[in-house]
Amino acid sequence: MMYTISNAEQELQAKREALNVRWYPRYHLAARAGWMNDPNGLVWFDGWYHAFYQHHPYSTEWGPMHWGHARSKDLVHWEHLPVALAPEGPEDKDGCFSGSAVVNGDTLALIYTGHKFHGDPGDEANLYQVQCLATSRDGIHFERQGIVVETPAGMHHFRDPKVWREGDVWYMIVGARDGDTGQVRLYRSADLRQWHDAGVLDEAEKEMGYMWECPDFFTLNGKRVLMFSPQGLAANGYQNRNLFQSGYLLGEWQPGQAFVREGGFVEMDHGHDFYAPQSFLTPDGRRIVIGWLDMWESPLPEKQDGWAGMLSLPRELSLSADNRLQMRPAKEVEGMRGAWFPWPVTTVKNQQIVMMENGGALEVILHWDCANSSAEQYGLRFGDGLRVYVDAQMQRLVLERHYPQFGLCGMRSVPLTEGKALTLRLFFDSSSVEVFVNDGEACLSSRIYPDADRRDLALFAWSGSAVLTEAGAWQLE
Ligand code: FRU
């Protein structure tokens, strides 16, 4: 197999026609066909938002990584573009792994990881991960510029460069594994080509992970946020429930100085499926993040339909007064709102009430008056596989999915403050739900697999009553 862009395009065109679209997203970005994982190279260039992503066009399994590509004017309507990178050079012969994009004058530059084995790929001792550059004037066709940072001596896992500029200096951070310690390594450059080692920006202490993937580093409200996706955190009560995590450390940093942390690692999303988020700036200065709306080793039932994996909604980041990262849907998401269907219900008492027979692409709004609700459990049910509800005994908001036919059952949850009103925005797409809690306080994102004829939405309250001060749904278009 020759991994070229034109072979990939031929393959995708043929596969696209054979897709079963029952679970294919209506307003999130997914590959035309085949496999997708991390978002890469998120950037605004020449009037368009660009999203690249880890992509294997030849099957619905992860394989030699290509960079898929799409662009958008508004972050919600995406236009597919030709595959941007195929693993065709000696520097990336086994995969073009994750990376980022920057605008340098009139050039769009991609900085990504070349993944290659020297010899037997069954032996990690043969693994080399190097950082590579590719550039473009039109934002569609890229010229390979080769390796710009070699693997540090003795290291094998060294990937996912994120590049940004401060004054006249370009900075790059790279995720790394030093023995069993996850790290973020820092580099400096004047021209994106010659890079100087600037040491280790931060690294894991005991139990903070053996590998830190997909690092990102940016300023919010004067604080520095180090966002990354650690592998190897042990589950602990309600925390770190997924195979791998994604989250952040907060701190202070000045060029040339050490990163000084304030507080510990905090998870960003509490659902089953959110990984490898990457951030970028909009022209009006908002910090937006998009993640992979999946988790490694989860079964991804859409594989039987000819595709696998999707990206999250774009989410705007901010820092709360008590220095917690908040995520809200980017304002562009409201641009999809079509008809509003008010749900004329104020009290639900030991019953369930079907509000919609066939929920498609929807934003559901629910304001629960918890102080005046006595029910032990109350919330929203979607088909027979998903419930998002308040568990008053646990004082938690629970997202529970139940798809035993696919081996996907279980719950995730976040704490509630007793008696405090609860406002929810729930975004439903063909096979995903993203729940935004109390205007940025928390977020739960999971893949769901409803039967086509079981997409009914119902409110319920058991063992008591529950009071709503607002309820309804926006049709999204
Ligand atoms: C994260 C990741 C990255 C790597 C890419 C490979 O999900 O493992 O570290 O670059 O996916 O596809």
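Residues numbered from 1 in each chain as written. Predicted model: local features only at pLDDT ≥ 70, side-chain atom pairs only at ≥ 80, totals over all residues. Heavy atoms only, no water.

- In the annotation of an unreviewed UniProt entry, the protein is listed under the name Sucrose-6-phosphate hydrolase and assigned to Enterobacter huaxiensis.
- Among the UniProt annotations of the protein, the heading Subcellular location (unreviewed entry) holds the following wording: "Cytoplasm".
- Database annotation for the protein, UniProt heading Function (unreviewed entry): "Enables the bacterium to metabolize sucrose as a sole carbon source." (UniProt positions renumbered as here; feature names shortened; annotations may be inferred.)

**Regarding the environment of Glu 166**
Link 1 in the chain: Mapped onto the elements, Glu 166 comes out in strand E9 (residues 158–166).
Link 2 in the chain: Among the residues examined, Glu 166 registers a relative accessible area of 23% and is labelled partly exposed.
Link 3 in the chain: Distance from Glu 166 to Ala 461, taken between C-alpha atoms, is 53 Å for residues 295 residues apart in sequence.
Link 4 in the chain: When near neighbours in sequence (up to four residues on either side) are disregarded, Glu 166 contacts Tyr 171, Arg 224, Trp 253 and Pro 255.
Link 5 in the chain: Looking at Glu 166, its side chain comes within polar contact range of the side chain of Trp 164, at 2.6 Å.
Link 6 in the chain: A distance of 2.8 Å separates a polar atom in the side chain of Glu 166 from a polar atom in the side chain of Arg 224. (Helix = DSSP H or I, 4+ residues; strand = E, 2+ residues; numbered from the N terminus. Buried < 20%, exposed > 50% of the residue type's maximum accessible area, 1.4 Å probe, protein only. Contact = heavy atoms within 4.5 Å. Polar contact = N/O pair within 3.5 Å; in protein donor to acceptor, adjacent residues only side chain to side chain.)

**Overview of the site of the ligand**
Link 1 in the chain: Close contacts around the ligand come from Asn 37, Asp 38, Gln 54, Trp 62, Met 65, Phe 97, Ser 98, Arg 159, Asp 160, Glu 213, Tyr 275 and Trp 296, and that covers them all.
Link 2 in the chain: Between the ligand and Asn 37 there is a distance of 3.1 Å, counted from an oxygen atom to a side-chain nitrogen or oxygen.
Link 3 in the chain: Contact between the ligand and Trp 296: an oxygen atom at 2.8 Å from a side-chain N or O atom of the residue.
Link 4 in the chain: Isolated, the ligand exposes 320 Å² of accessible area, and the fraction of that covered by the protein chains is 95%.
Link 5 in the chain: When residues of the shell around the ligand are traced back to their parent elements, those giving at least two are strand E1 (34–45), strand E5 (96–104) and E9.
Link 6 in the chain: In the shell around the ligand, the residues fall into five nonpolar, three polar and four charged. (Near = heavy atom within 4 Å. Areas by Shrake-Rupley, 256 points an atom, 1.4 Å probe, with all protein chains shown as cover. Nonpolar A, V, L, I, M, F, W, Y, C, P; charged D, E, K, R; others polar.)

**Structural notes on the UniProt feature "domain: Glycosyl hydrolase family 32 C-terminal" (unreviewed entry) in the protein**
Link 1 in the chain: The sites that carry the UniProt feature "domain: Glycosyl hydrolase family 32 C-terminal" (unreviewed entry) are, in the present numbering, residues 355–474.
Link 2 in the chain: Between the C-alpha atoms that bound residues 355–474 the distance is 13 Å, and the span itself is 0% helix and 62% strand.

**Remarks on the sheet that holds strand E12 (residues 195–203)**
Link 1 in the chain: Pairing in this open sheet of four strands is antiparallel, and the strands run E9-E10-E11-E12 from one edge to the other. The open sheet has two edge strands, E9 and E12, and neither has a second partner. Within the sheet, the average angular offset between the axes of one strand and its neighbour, ignoring direction, is 25°.
Link 2 in the chain: In the sheet, strand E11 (residues 181–189) pairs with E12 via six bridges, with the strands oriented antiparallel. (Pairing = 2+ DSSP bridges. Axes fitted to C-alpha atoms, helices over the stretch in contact; angles between N-to-C directions.)

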